[in-house]
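Next come the chains, spelled out residue by residue.
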Amino acid sequence: MQTEHRADRDAYRRAVGRFATGIAIVTTRRDGADYAMTVNSFASVSLDPLLALFCVEKVARFHGAVLEAGVWGVSVLRDTAEDASRFFAHRGRPLEGQLAGHPHHHGELGVALFDDALATVECRTTAVHDGGDHSIVVGEVVAVATPADGSPLLYHEGRYRRLPG
């Protein structure tokens with residue numbers, strides 16, 4: 001049975017919430033400080049040249065940091081990383097020491113990458129586009145790795161999910 005709704009904010013959120021997404025933590029480094037943020041808006045854009053994107057809310061502390069730094073890293077989360085995902089999605093957490101307790105290293109561009117990620121991608125920003133209350137940040141991919149095996153952490157209809165098996 002099909003239910004139709006006028007395109008308002010709540011109806012839109014319900015509709016796009018039915019699109020299952022992976023979860024990643026995007027990081028950047030500015031003035032010697034690591035910044036991190038949970039996202040489900042990460043995507044591959046192009047293979048020639050290698051490009052990726054993520055979206056960041058304009059009012060987020062991460063927004064100014066990543067635009068100024070011009071580099072960022074993505075750690076695609078395993079299904080065992082729900083606690084990390086929730087932590088880095090929480091607004092207002094202290095910046096200093098936020099990565100303590102989360103095994104990580106700094107990659108080629110100096111950004112933090114999670115050691116147990118399914119995949120990591122490091123990018124240099126090439127464009128920033130207006131996306132309403134978000135900015136769409138596009139970057140040239142300069143380094144990739146697949147540090148761990150496992151199943152991805154997913155998000156669907158407002159809840160964390162795992163692949164069966």
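Predicted, not measured: the structure shown is a model, and the values here were computed from it.

Reading the values: rules and limits
Within each chain, residue numbers correspond to sequence positions counted from 1 in written order. Residues qualify for local features only when their pLDDT is at least 70, as the model is predicted, and side-chain atom pairs are given and counted only at 80 or more; totals for whole chains, interfaces and linings, by contrast, use all residues. Values reported for side chains reflect all heavy atoms of the structure, with hydrogen atoms and water molecules removed beforehand. Pairs were defined over the aromatic rings of Phe, Tyr and Trp, the Trp ring being its six-membered one, requiring ring centres within 6.5 Å. Orientation was assigned from the angle between planes: stacked under 30 degrees, edge-to-face over 60, tilted for the rest. Between buried and exposed lies partly exposed: a residue is buried under 20% and exposed over 50% of the maximum accessible area for its type, with that area taken using a 1.4 Å probe on protein chains only. Secondary structure elements follow DSSP: runs of H or I no shorter than four residues count as helices, runs of E no shorter than two count as strands, and numbering proceeds from the N terminus. Strand pairing follows a simple DSSP-based rule, namely that at least 2 bridges must link the two strands. The disulfide definition used here is simple: a pair of cysteine sulfur atoms within 2.5 Å. Note on definitions: a residue-residue contact is assigned when non-hydrogen atoms from the two residues lie within 4.5 Å. Geometry is summarised by axes, namely lines fitted to C-alpha atoms with helices restricted to the contacting stretch, and by angles between N-to-C directions that run from 0 to 180 degrees.

Visitor: Go over the packing of aromatic side chains, please, and point to the residues and values.
Guide: Within this structure, the stated rule accounts for five aromatic pairs. Taken together, a centroid distance of 4.9 Å and an interplanar angle of 85° make the contact between F87 and F88 edge-to-face. Note on F88: relative accessible area 2%, which makes it buried. Aromatic pair Y155 and Y160: ring centres 5.3 Å apart, planes at 75°, arrangement edge-to-face. Take Y155: its relative accessible area is 28%, and that puts it in the partly exposed class.

Visitor: Lay out the pairing of strand β3 (residues 33–39) with the relevant residues and their values.
Guide: The buried count for β3 comes to six of seven residues, which makes it a mostly enclosed element. Strand direction decides the pairing type here: strand β2 (residues 24–30) and β3, joined by seven bridges, are antiparallel. For I25, the partnering residue across the bridge sits in β3 and is T38. Counting the residues between successive antiparallel strands, the hairpin from β2 to β3 contains two residues, one of them, D31, with a positive phi of roughly 55°.

Visitor: Got a sec to walk through the state of the cysteines? Specific residues and values, please.
Guide: Counted under the stated rule, the structure contains zero disulfides. Of all cysteine sulfurs, the one in C55 lies closest to C123, which takes part in no disulfide; the gap is 13 Å. The buried category is assigned to C123, whose relative accessible area is 0%.

Visitor: Tell me about the sheet that holds strand β12 (residues 159–162), residues and numbers included.
Guide: Taken in spatial order, the three strands line up as β1-β11-β12 in an open sheet, and their pairing is antiparallel. The sheet terminates laterally at β1 (21–22) and β12, the two strands that pair on one side only. Relative to β12, strand β11 (residues 153–156) is paired through four bridges, and the arrangement is antiparallel. Bridge pairing in β12 places L154 opposite R161. Contacts from helix α3 (residues 82–89) reach β11 and β12, with the element oriented near 155° to β12.

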